[in-house]
Protein chains: 2
Amino acid sequence: MYRSHNCGELNASHINTEVTLAGWVQKSRDKGFMIWVDLRDRYGITQLIFDEERTPKAIIQEAKLLGREFVIQVKGNVIERSSKNPNIPTGEIEILVSELTILNKALLPPFTIEDKTDGGEELRMKYRYLDIRRNPVKNSLIFRHNVAQAVRNYLSKEGFIEVETPYLIKSTPEGARDFVVPSRMNAGQFYALPQSPQTFKQLLMVGGMDKYFQIVKCFRDEDLRADRQPEFTQIDCEMAFVEQEDILNAFEGLTRHLLKEINGIEVEKFPRMLYDDAMRLYGNDKPDIRFGMEFGELNSVTQHKDFGVFNSAELVVGIAVPGGNVYTRKEIDQLIDWVKRPQVGALGMVYCRCNEDGTYKSSVDKFYDQDDFAKWAEITGAKPGDLICVLSGETYKVRPQLSALRMELATRLGLRKPNEFAPLWVIDFPLLEWDEDTKRYHAMHHPFTSPKPGQLELLATNPGDVKANAYDLVLNGNEIGGGSIRIHDKKTQSLMFDYLGFTEEEAKAQFGFLMDAFQYGAPPHGGLAFGLDRLVAILAGQEIIRDFIAFPKNNSGRDIMIDAPAFIDQNQLKELHIKLEGLDK
Amino acid sequence: MYRSHNCGELNASHINTEVTLAGWVQKSRDKGFMIWVDLRDRYGITQLIFDEERTPKAIIQEAKLLGREFVIQVKGNVIERSSKNPNIPTGEIEILVSELTILNKALLPPFTIEDKTDGGEELRMKYRYLDIRRNPVKNSLIFRHNVAQAVRNYLSKEGFIEVETPYLIKSTPEGARDFVVPSRMNAGQFYALPQSPQTFKQLLMVGGMDKYFQIVKCFRDEDLRADRQPEFTQIDCEMAFVEQEDILNAFEGLTRHLLKEINGIEVEKFPRMLYDDAMRLYGNDKPDIRFGMEFGELNSVTQHKDFGVFNSAELVVGIAVPGGNVYTRKEIDQLIDWVKRPQVGALGMVYCRCNEDGTYKSSVDKFYDQDDFAKWAEITGAKPGDLICVLSGETYKVRPQLSALRMELATRLGLRKPNEFAPLWVIDFPLLEWDEDTKRYHAMHHPFTSPKPGQLELLATNPGDVKANAYDLVLNGNEIGGGSIRIHDKKTQSLMFDYLGFTEEEAKAQFGFLMDAFQYGAPPHGGLAFGLDRLVAILAGQEIIRDFIAFPKNNSGRDIMIDAPAFIDQNQLKELHIKLEGLDK
């Protein structure tokens, strides 16, 4: 063993102990007659001291040559520090070094290994092994481990069994693109990497394994948006002989346990909100309910005057910004510019100042009177001193626009507090959603989701109205999990595939095994999957997933540290019965 | 919730309770006026009773239609059984059914869902979801979960952090073949699936995460031997600032914990054996030491007479078979045939009977006298009543041959007791092994393994003699884990790549990131990986890995349940910039 103690554990009680430490040189200060070195490892920092009077000359000489990030081993005596540092656990002591061994030298790192580093994103990714030495990254990885352990121990105690499902499975065109893997032994054929273990966990239910979970990597070959990874981790769960209520309770229990165990926070029973209400009140299926600013629909109180913009709008909707009346005209103009950015896409914004004296001042004063504005204020819940922001247009466009504005303003107003946790179930999602590109309905969740009882008939006449036994778990405005009660009989499943545009042959080729399984005694079942990367980030009061992944990929799906993907040699291609083509650009 | 209790928990204390159960019809017995149904779920079996006197007629009618594996829900009263079954926990009670709901019908399963099934391997794989309903499979999966949980909790308690490393990495031709994944976004380039997280765990050490583990899927595109899977699970571990001794102690601790926690067995300190001794005494680098039958090398006592076969052999070596003198001539001839099978490949076998009266009778009586045989007996440890089996030839061939015979005889003699556990460290493996095909040395473990101190110089002159800081953990004749102390400086690593035939460019292209990392302060480190599939099987007293994998693949790497791999459509290929070729056979 290269050390008797780690760099985080020595304190006054160890004074006069001979110890051996090993770690990295964080920094050194050379006063000529005296050298201090901060020695760092995973557990902390311990100060080493070399001085002319007490340290052999040869060791002093060597200590003078130590550079940042050198790996060293020292033996020495724990002594009391003259100037103590109360900010670190080892701040009362230092090590008077009697032996020094350089285990490995180090080049000067390309960025500083400090909590606040001078390294840019790209550089830190390329040298991720150095980035991991920094406390923020190291602690994020340890935090992730603690969350995963808490999940596993809780679910195990609740009788769930973690079952590993295969990674080399079959490609199914439904949903996002699959990553595929050519099979050498089955020439011309391909495995696919799972987008989720969905069908396997359903088969485990058919197999009687009635409480399943798995923390598992999943893969999606999507054009990456910011903070999306081609490989990501799910806490995948499924239960048999349950109804929606049972699933919600089971995973509310898990989430409550995590908030308690990890964050030390007790949360009451999670509120539930219908999908339709979430859209109406927040313009969003994952509302952040840590703050109010609920939408007020203003059609009835705006469409009786001559303001054509509102009169022709499908939806006129506003929010009250608390204290927003202090905004200057310039600040309000900037807000208007903000909603007109292409990322948001509003055509404009109407506002109404709610003065402290109970009067109103609006950008549409010439169309509406004080009584009108009083109604706006009533509907949006605006109080004197607030600002009402109103957008209008097609419902499906204007809701996300106002939602974006609501989130932006809440962030600016400090209403999205990182240490406050507001979980929420959003339930009764639509079964289908309309896709403009393909001009047909797609499964909103996935094709295995069951419609609400009695709604199957609606499929033929009002497909967009059919509600599903589908639910999302939302935490602080982020979807951290989602799931559904599944179809468990062959007839309904066939009908669903048919409705989603699968031919009978396609359905059989891709999901025949599942429909076969449903014929041999499938129990009612359902489940939920959490996105672990996001869950961990949010529990840590953060939102950037990448910081909680040891070796993330960049937005082109590249690992720039190992430089992957990469070209492979011709022999490998030949063995796999493939060749490259279409690379002539 | 579809049930108030599960099918394994009701007993006499519940008599007169109204309960709701759900599960599968295991079987039913219809006596006309009375019907018994065994209802099964993951937790057990509970007997249901329907009788003419107490059950409504409509329910009886429905109960008569229940087939095997129907999924049903029943409500009823827990009553005392008239004829109790002491073999199952619920054997004292039965449920007098008052309500019956058929949740799902079932076709007759293609094999019986019993502990001993009539289904063949292939059929059971195709309907794996039905196979999982059987106790042996279900219990194996639960056992696996318990082992994995025990591993995670033990290592976490010991300060190890589970870090997820990426699955989409870079192909490296060293070692077995990689599975590769074409990248759509990086045209013409490929990811590879990891054969192990080796380089990533080393980078975590460079990153200061000094105790790492991960239970992780690994992938090898090998021609599958029986009981090899293209995807398999490792318990992957690494530590920094450690020497070999520290690693052995750390993972001996884990293994001892598992034997105690899972098997209830206390094992003393694990013995250690040099690789050279393992080969000499057992002909094998993973000896089963639950029994003796150690090899006796007989060159000195056989090569002084006129028996040319022995005189010309590099090695003459024998084992004493306890009580083997009872074998008839015919049985011995069958043994000789057994060692001559191509799977073993011996050219013949000499034997010597050790009679109870102290005399010897051998197949080579005409070359050797009783004094010679007495020496054979002394060296092999044979006692009166034993049989000495002797093989001869080239050392590298004859050792595995005799090892195979030793294992076969031990199995026949019942010496390989499934409930006895004999762990063993085999240490000081050679660094390199000669490969006849390529006529050069390959890394025996992998190219990151460090040679023993001071042996680096031997590389140039006697490469085959260089010993590595490499070790295997053996349990009952199976390698359950293996690892090494790694090289942690760029110079040695370059030298090793050079020696293994990498050009400088190749080394840089494939492992440049690792050698770069070594320049920025790499600590001494080493680790070990357990094969979880095998470990679980052995802890369960079994050897067939497949039984402990939920959805295994067959020997052609196919999942015959979902029928993967499969052909994918032209558009997918086109998006990936590849086309098929060489499929004209």
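Report follows, based on the coordinates.

### Things to note about the overall build of chain A
Secondary structure summary: chain A contains 17 helices and 23 strands in total. Dimensions along the principal axes, computed over C-alpha positions, put chain A at roughly 90 × 75 × 55 Å. The burial tally for chain A puts 59% of its 585 residues in the buried class. Here the analysis covers contacts within chain A between residues at least 6 apart in sequence; of these, 65% occur between residues at least 24 apart. Of the accessible surface of chain A, which amounts to about 23,900 Å², a share of 49% is contributed by carbon and sulfur atoms.

### A few points about the sheet that holds strand S4 (residues 71-80) of chain B
Residue and element names in this part refer to chain B. Strand order in the closed barrel made by the five strands is S1-S2-S3-S5-S4, with mixed pairing throughout. Along the sheet, successive strands turn relative to each other by an average axial angle of 55 degrees, direction set aside. Sheet analysis places strand S1 (residues 18-30) next to S4, joined by seven bridges and oriented antiparallel. Of the residues in S4, the one forming a bridge with Gly23 is Ile72.

### What about helix H11 (residues 370-380) of chain A?
Residues and elements named next belong to chain A. Restricting attention to buried positions, one finds in H11 the residues Asp372, Phe373, Trp376, Ala377 and Thr380. End-on view of H11: buried residues confined to an arc of 140 degrees, all on one side of the axis. Along H11, exposed side chains directed more than 90 degrees from the buried face belong to Asp371 and Glu378. Of the residues that open H11, the one with a side-chain oxygen 3.1 Å from the backbone nitrogen of Asp371 is Asp369. Count one or two residues on from H11 and you reach Gly381, which has phi positive near 75 degrees.

### Details of the pairing of strand S13 (residues 315-321) of chain A
All names here are of chain A. For S13, the buried fraction is high: seven of the seven residues fall into the buried class. The alternating pattern of S13 places Leu315, Val317, Ile319 and Val321 and Val316, Gly318 and Ala320 on opposite faces, both of which are buried. Where strand S12 (residues 296-297) lies against S13, two bridges are found, and the strand directions are antiparallel. Paired with Gly296 across the strands is Gly318, a residue of S13. When S13 meets strand S16 (residues 387-393), the two strands line up antiparallel, connected through seven bridges. The residue bridging Ala320 from the neighbouring strand is Ile388, located in S16.

### Topic: the sheet that holds strand S6 (residues 161-162) of chain A
All names here are of chain A. Across the sheet, which stays open at both edges, the eight strands sit in the order S6-S9-S10-S22-S21-S20-S17-S11 with mixed pairing between neighbours. Lying at the two open borders of the sheet, with one neighbouring strand each, are S6 and strand S11 (272-274). Both strand S21 (residues 478-485) and strand S22 (residues 525-531) contribute to a ladder of five bridges, which runs antiparallel. Residue pairing in the sheet places Gly483 in a bridge with Leu528 of S22. Strand contacts of helix H5 (residues 198-206): strand S9 (211-219), strand S10 (231-240) and S22, with the helix running at about 20 degrees to S10, the strand carrying the most contacts. Contacting S11 and strand S17 (423-427), helix H7 (residues 275-282) crosses the sheet at an angle of about 85 degrees to S11.

### Some points on the environment of Thr411 of chain B
Positionally, Thr411 of chain B belongs in helix H12 (residues 395-412). Looking at Thr411 of chain B, its side chain comes within polar contact range of the main-chain oxygen of Met407 of chain B, at 2.9 Å.

### Observations concerning the interface of chain A and chain B
A common way to report how large an interface is uses the accessible area buried once the components associate. Chain A puts 127 residues into the contact, and the matching count from chain B is 127 residues. Summed over both sides, the interface of chain A with chain B buries roughly 11,400 Å², with 60% coming from carbon and sulfur. On inspection of chain A and its partner chain B, the count reaches 14 salt bridges. Salt-bridge contacts for Arg177 of chain B lead to Glu575 of chain A; the nearest nitrogen and oxygen are separated by 2.7 Å. The interface formed by chain A and chain B contains 74 residue pairs in polar contact (both at pLDDT 80 or more). In terms of residue count, helix H4 (residues 135-157) of chain A provides more of the side of chain A that touches chain B than any other element does, nine residues in total. Residue classes in the side of chain A that touches chain B are distributed as 69 nonpolar, 25 polar and 33 charged.

### Considerations on the relation of the copies chain A and chain B
Its rotation angle being 180 degrees, the transformation that places chain A on chain B also includes 0.0 Å of axial translation and leaves an RMSD of 0.1 Å. The transformation relating the two chain copies, once decomposed into turn and shift, fits a two-fold axis.

### So, the packing of H4 of chain A against helix H4 (residues 135-157) of chain B
Put simply, H4 of chain A and H4 of chain B touch, their axes get as near as 11 Å, and they point 140 degrees apart. Viewed along their axes, H4 of chain A and H4 of chain B adopt a mutual orientation that is oblique. Considering only the axes of H4 of chain A and H4 of chain B, their crossing is left-handed. Packed against H4 of chain A, whose contacting residues are His145, Gln149, Arg152, Asn153 and Ser156 of chain A, the element H4 of chain B presents His145, Gln149, Arg152, Asn153 and Ser156 of chain B at the interface. A breakdown of the residues in the contact of H4 of chain A with H4 of chain B according to their chemical character gives no nonpolar, eight polar and two charged.

What counts as what
- Residues numbered from 1 in each chain as written.
- Chains lettered and ligands numbered in written order.
- Predicted model: local features only at pLDDT ≥ 70, side-chain atom pairs only at ≥ 80, totals over all residues.
- Heavy atoms only, no water.
- Helix = DSSP H or I, 4+ residues; strand = E, 2+ residues; numbered from the N terminus.
- Buried < 20%, exposed > 50% of the residue type's maximum accessible area, 1.4 Å probe, protein only.
- Contact = heavy atoms within 4.5 Å.
- Areas by Shrake-Rupley, 256 points an atom, 1.4 Å probe, with all protein chains shown as cover.
- Pairing = 2+ DSSP bridges.
- Axes fitted to C-alpha atoms, helices over the stretch in contact; angles between N-to-C directions.
- Arc of directions from axis to C-beta.
- Polar contact = N/O pair within 3.5 Å; in protein donor to acceptor, adjacent residues only side chain to side chain.
- Buried area = accessible area lost by both parts, 1.4 Å probe.
- Salt bridge = Lys/Arg side-chain N within 4 Å of Asp/Glu carboxyl O.
- Nonpolar A, V, L, I, M, F, W, Y, C, P; charged D, E, K, R; others polar.
- Least-squares fit on C-alpha atoms with pLDDT ≥ 70 in both.
- Parallel < 35°, antiparallel > 145°, perpendicular 65-115°, else oblique.
- Left-handed = near helix turned anticlockwise from the far one by under 90°.

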